[in-house]
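A closer look at the structure
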Amino acid sequence: MKKPDLGQTIGVLANVGVVAGIIFLGFELQQNNELMASEARRGQLSIQMEGWGAVVGNPDIIPLFLKDRNGERLSVEETFRLDAFWMRNLVSSQWQYYEREQLVSDQFVIHQRKNFEAYPSLRKVWEGNSGGSTSAGKDTLDLDFVEFMEQNVINVNE
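Described in the following lines is the structure provided in the data block.

Rules used throughout
Residues numbered from 1 in each chain as written. Predicted model: local features only at pLDDT ≥ 70, side-chain atom pairs only at ≥ 80, totals over all residues. Heavy atoms only, no water. Helix = DSSP H or I, 4+ residues; strand = E, 2+ residues; numbered from the N terminus. Buried < 20%, exposed > 50% of the residue type's maximum accessible area, 1.4 Å probe, protein only. Contact = heavy atoms within 4.5 Å. Areas by Shrake-Rupley, 256 points an atom, 1.4 Å probe, with all protein chains shown as cover. Salt bridge = Lys/Arg side-chain N within 4 Å of Asp/Glu carboxyl O.

Each helix and strand counted, the chain has 6 helices and 0 strands in total. Every one of the 158 residues in the chain was classed for burial, and the buried ones make up 28%. Taking the intrachain contacts of the chain between residues at least 6 apart in sequence as the baseline, contacts between residues at least 24 apart amount to 61%. Accessible area for the chain stands at about 11,100 Å²; split by element, carbon and sulfur atoms hold 57% of it.

This is the structure in structure tokens:
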């Protein structure tokens, strides 16, 4: 019977240690990915809650949405308030677009389309035809986001 070589035994143990370390690293990466996905979902929820909170926390804006949706004339002050709301919404949407690295869900696109269809003031803010703004909202946003919105949300039915 041959006595095991100490160097060979150490080498085998070292290789086993490396394999175990790689397996452990794989588990750590999986946990990290799950945590990052959870954080991204929490960020999305926070943005949605903030958007609704802006409406709930400021009930004076609700009649403006209704007037806008019904095609009623808005005063300069009302237009300015809606412009500010929509620009806040667009900046938030741009952040969502980049945070998800252009993997925007169908739900995001559908929601944006509905807003652009229902609220003429949003389209006016985007195009710069609003009385409360001196430039087009899209001109203040990143070109990639503007192209995405133009192709997938705004000019879909044209």
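A word on the pattern of salt bridges. Counted by the stated rule, this structure contains 3 salt bridges. With a closest N to O distance of 2.9 Å, Lys67 and Glu78 form a salt bridge. Of the two residues, Lys67 is situated in helix 2 (residues 62-69) and Glu78 in helix 3 (residues 76-99); the sequence distance between them amounts to 11 residues. Between Arg123 and Glu127 there is a salt bridge whose closest N-O contact spans 3.5 Å. Within this pair, Arg123 and its partner Glu127 are both found in helix 5 (residues 120-127), separated by 4 residues, close to a single helical turn. Residue Glu127 is classed as partly exposed on the basis of its relative accessible area, which comes to 34%.

This brings us to the side chain of Gln112. Within the secondary structure, Gln112 sits in helix 4 (residues 106-118). With near-sequence residues (within four places) excluded, Gln112 lies in contact with Asn89, Ser93, Met149 and Val153.

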